[in-house]
Every structure is written in structure tokens, then in C-alpha cells.
Amino acid sequence: MKFVVSSSVLLKQLSTVNGVITNNPIVPILENFLFQLEHSQLTVTASDLQTVMITTLEVESQDTGAIAVPARLLLDTLRGLPDQPITFKVDTETFGTEIITENGRYKLSGENPIDFPKVPQVSKSLSVEIGADILGSAIANTIFAVSSDDLRPAMTGVYVQLNSQYTNFVATDGHRLIRYRRSDIQSEQESSMIIPRKALNLLKSSLPSDDTVVTADFSSSNAFFSFNNIKMICRLIDERFPDYENAIPQNNPNVLTINRQELLGSLKRISIYSNKTTHQIRLKLGHNDLVISAEDLDYSNEANEKLMCDYEGEPMEIGFNAKFLIEMLNNLSSNMISIEMSAPNRAGLIIPAETKENENILMLVMPVMLNSYA
């Protein structure tokens, strides 16, 4: 089996799918790329059993065949090569592989492609088409709030709810919750699923930033995404997602409206003085002013700043984790935001004043108990 391909084109395609491969896979064969050659089309597959990514590219060849090639060795070789045509020669008996460049020859030992796990087939029960830029935005707006606690598997992915009016993308780690709603993604068939964090991160990094159409097919156990020359299949998380609707407080009479960048800048400065474990900051809300303060009793560090704002409601003091607030505000683009609250022990809602068309963002953050200092 022999084929010729541009080193830079091959490196680009392999880099796209390489993120799937883990350092210590359960099965050693998963340290390899599966190359499947069908005349002038080369299909490259990477898998970790939970997620599979496949890319196809044009090569010069009349042969057909398959081989599993060590991923890290091949990538390191290609990264060191200047852009040039390279020739792959594969002995299909021993699976020895030779890479021939203008100035060198590199021999590496491949493995039997039969040992590579079979790719799940599409048995779709639901299909939707989404613009790559819209899907990328939905992932970026939710993925940072996904839990990394494997003891709560339902929270280690983004919950997607499809219906005939809109689609919700929801992520929570128990301390904060993001609901990102798109009214331009609809499905006549109501459905919901939890897509794991790793698959979404891989998808986000490989999606083009334009409006390329992404076809998303869902079965009862897998999600299939395809766009351009890339396919991704991932196993869905088979757990029940928390009833997040009940966690969103409905009656929030205390409303703070403030410039997002001013609040973000102040939080970043004040949080330096907060306790390094709790990251606790205090918001003291009064008539059209906000005092942000923090102190670390262990080191006698403290800081406070006063900001101008619009505030409607009763004077109140509420504590939050500064790290969570900063991350949530960083992920918004609106100039002005509202923080809606009911009581110091109830969740606060962060709502951007301006959103893009067909987009609705709601962020919920749980308060932290304030210390008794004044």
C-alpha cells in the first residue's frame, strides 16, 4: 500500500482529530490513528471508545488498504518537516511503515487495523442542522460551567433540550447554572440529551467560525456531528439531568444594573484580597451605589471599592464566589448587565441587557454565606 500526500495538509487534518487520543488508553491500539485508503481518498480515525473523530483527505494513490499508525510518533515527525510531498509505503503483511521525504526516510511499526474498535453506525432518531458559528457560540457559553465531578456524571456534560420553538443548552456544577437558549434551532420532535464535555471541547476547537452547516444526528445512545470533511461520534451521558427549571428563582425584586466591564475590573482587583480558598467577596447594595469588599482574615488583607450603578430594591448585603462571577462575566459580551436577587441566601440571576438575535442567556450563581464581620 502506497500513497503520496502533502506533509502540511496531513498534519492539519491529524491535529484536528488528535485531541480524542488519551495518554494512557484502556486499549493500546487507541494510541494509533487508523488510516483507511480507498484509491485517492484517505480516511483517518481517532478514538477513545467514548468519542470518535474521522477526517478524510485527498491523496495520490491507486491502492486500497488499512493500517494503524502510532499517533504521537507520526505527529512529532510531521511537525518537524517543512511543507513537501511525502510518500507512505506500508507493508500490509508486517504493518511496517516507511515515510519517504525529500531528504530522509523514517521507519515506524504500525499495527493490525483489525484490532481498531469499530465505529458506531448512525441509527438516528432525530436530526437537526445548525450553523457552525451558532453551535460554537452555544458550546462557548455553557462549557465553562460544566462540572468536573465524576461522582455526578449528569453534570459532566451540557444538557440539550430540543422542541418546536427553541433549543436550550444548559450546564451546571451545582454552584452556578447557565441556560443558553436559541430560537433559531428547532425540532418538531421534542427530545433531550446530555453531551459530554470532552466531545464538546473537541467539537468547539474543530468547528469553522463561519455559518457552515453542521448536521447533528442523535440516537438513543450516541450523537453524530458532521461538517466539511469531519465527522464526530460521541456516546451520550445516560443519566438524568437535575430539574434545573425549579432552581431558577422567579420573584427577584432587587435589581442591580451596572456596566459589565466596570464590575469585572473591580471584581478582579478586589478578589486579590479575598480568601484563597473561598474567593468570597461581599456586595453591599444601597440606593444607586454598590460597595464591593473582600478580606482575608488569615493575613489581615482587605479591600473595598465603590461603584456607581442603578439599583432598585431593598438595601442588602450578599456574598458570592468572585472566581465564578469573573468567569461568568468574562463569557458575556453585553456592555450592561442586570443582577436580579431576592434575598442574601437565594441565588442571583445575571442577565445581559443586550443579546444577539435569536439568543437568550440566563446565568444563575449561588451566594456564599457571609462572615459576621461588618
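Description of the structure in this document. By convention here, each chain's residues receive numbers from 1 onward along its written sequence. Since the coordinates come from a predicted model, pLDDT governs what is reported: local features require at least 70, and pairs of side-chain atoms require 80 or more to be given and counted, while whole-chain, interface and lining totals use all residues. Side-chain figures throughout are based on the complete set of non-hydrogen atoms in the structure, without hydrogens or water.

Once that is clear, we can look at the nonpolar core. Within the largest apolar cluster, 101 residues are counted, with the highest numbers of intra-cluster contacts made by Phe33 and Phe35. Numbered from the N terminus, helices here are DSSP runs of H or I no shorter than four residues, and strands are runs of E no shorter than two. Broken down by element, this core gets its largest block of residues, six residues, from helix α6 (residues 322–330). Pairs of residues are marked as contacts when any of their non-hydrogen atoms sit within 4.5 Å. In contact with Phe35, other than residues within four places in its own chain, are Phe3, Leu10, Leu14, Leu42, Thr43, Val44, Gly65, Ala66, Ile67, Val69, Leu74 and Phe88. In this description, a nonpolar core means a group of buried Ala, Val, Leu, Ile, Met, Phe, Trp, Tyr and Cys residues linked to one another through side-chain atoms lying within 4.5 Å. Summary of the burial criterion: residues with accessible area below 20% of their type's maximum are buried, those above 50% are exposed, and those between are partly exposed, where the area comes from a 1.4 Å probe applied to protein chains only. Membership of the second largest hydrophobic core comes to 13 residues, among which are Ile237, Tyr244, Ile248 and Leu362.

To continue, consider helix α3 (residues 132–140). Across the nine residues of α3, seven count as buried, placing the element largely inside the fold. Buried within α3 are the following residues: Ala132, Ile134, Leu135, Gly136, Ser137, Ala138 and Ile139.

Let us look at the packing of helix α1 (residues 7–18) against helix α2 (residues 71–79). Angles run from 0 to 180 degrees between N-to-C directions of axes, and those axes are lines fitted to C-alpha atoms, restricted for helices to the stretch in contact. With their axes 10 Å apart at the nearest point, α1 and α2 run at an angle of 140° to one another. Judged by the angle between their axes, α1 and α2 are oblique. Between α1 and α2 the crossing geometry is left-handed. Facing α1, whose interface residues are Ser7, Leu10, Leu11, Leu14, Ser15 and Asn18, α2 presents Ala71, Leu74, Leu75, Leu78 and Arg79. Here the contact of α1 with α2 is composed, by residue class, of seven nonpolar, three polar and one charged. We call two directions roughly parallel when the angle between them is under 35 degrees, roughly antiparallel when it is over 145, roughly perpendicular when it lies between 65 and 115, and oblique otherwise. By convention, the crossing between two helices is left-handed when the near helix turns anticlockwise from the far helix through less than a right angle, and right-handed when the turn is clockwise. Each residue is assigned to one class: nonpolar for Ala, Val, Leu, Ile, Met, Phe, Trp, Tyr, Cys and Pro, charged for Asp, Glu, Lys and Arg, and polar for all the others, Gly among them.

Only rings of Phe, Tyr and Trp enter the pairing, Trp through its six-membered ring, and a pair is recorded when the two centres are within 6.5 Å. The plane angle decides the type: under 30 degrees is stacked, over 60 is edge-to-face, the rest tilted. Evaluation of the coordinates by the stated rule reveals eight aromatic pairs. Look at Phe3 and Phe88: their rings are 4.8 Å apart centre to centre, the planes differ by 10°, and that puts the pair in the stacked class. Of the two residues, Phe3 is situated in strand β1 (residues 2–6) and Phe88 in strand β6 (residues 85–90); the sequence distance between them amounts to 85 residues. In this pair, the class of Phe3 matches that of Phe88, namely buried. The ring centre of Tyr166 lies 4.0 Å from the NZ or CZ of Arg181, which sits over that ring. Cation placement over rings: the criterion is NZ of Lys or CZ of Arg within 6 Å of the ring centroid and within 35° of the ring normal.

We now examine the pairing of strand β10 (residues 157–162). Most of β10 is tucked away, with five of its six residues classed as buried. As defined by bridge partners, β10 adjoins strand β11 (residues 167–172) across four bridges and the pair is classed as antiparallel. Residue pairing in the sheet places Tyr159 in a bridge with Val170 of β11. Strand pairing is assigned whenever DSSP identifies at least 2 bridges connecting the two strands. Counting the residues that bridge the hairpin from β10 to β11 gives four residues.

In terms of residue burial, strand β19 (residues 289–296) counts as a mostly covered element, since six of its eight residues are buried. Examined bridge by bridge, strand β18 (residues 280–286) and β19 share five bridges and lie antiparallel to one another. Bridge assignment links Leu285 to a residue of β19, and that residue is Leu290. Joining the antiparallel neighbours β18 and β19 is a turn of two residues, in which Asn288 adopts a positive phi near 55°. As paired strands, β19 and strand β20 (residues 301–308) are joined by eight bridges and run antiparallel to one another. Of the residues in β20, the one forming a bridge with Ile292 is Glu305. Hairpin connection from β19 to β20: four residues lie between these consecutive antiparallel strands, with Ser300 at a positive phi of about 55°.

Let us look at the side chain of Asn141. Inspection of the secondary structure puts Asn141 in the loop between α3 and β10. When its relative accessible area of 8% is taken as the criterion, Asn141 is described as buried. Among the polar contacts listed, one links the side chain of Asn141 to the backbone oxygen of Ser137, at a separation of 2.8 Å. Not counting chain neighbours up to four residues away, the residues in contact with Asn141 comprise Ile178, Tyr180, Asn331 and Ile361. What qualifies as a polar contact is a pair of N or O atoms within 3.5 Å, subject to a donor-acceptor requirement within protein and to the restriction that residues adjacent in sequence count only when both atoms come from side chains.

The strand order across the open sheet built from four strands is β1-β6-β7-β8, with neighbouring strands paired in antiparallel fashion. Strands at the two margins of the open sheet, each flanked by one partner only, are β1 and β8 (105–109). Direction aside, the axes of adjacent strands within the sheet are offset by 20° on average. As defined by bridge partners, β1 adjoins β6 across five bridges and the pair is classed as antiparallel. Across the sheet, residue Phe3 finds its bridge partner in β6, namely Phe88. Packed onto the sheet, α1 meets β1 and β6 and runs at close to 90° relative to β1.

The values are spatial; any link to function lies outside them.
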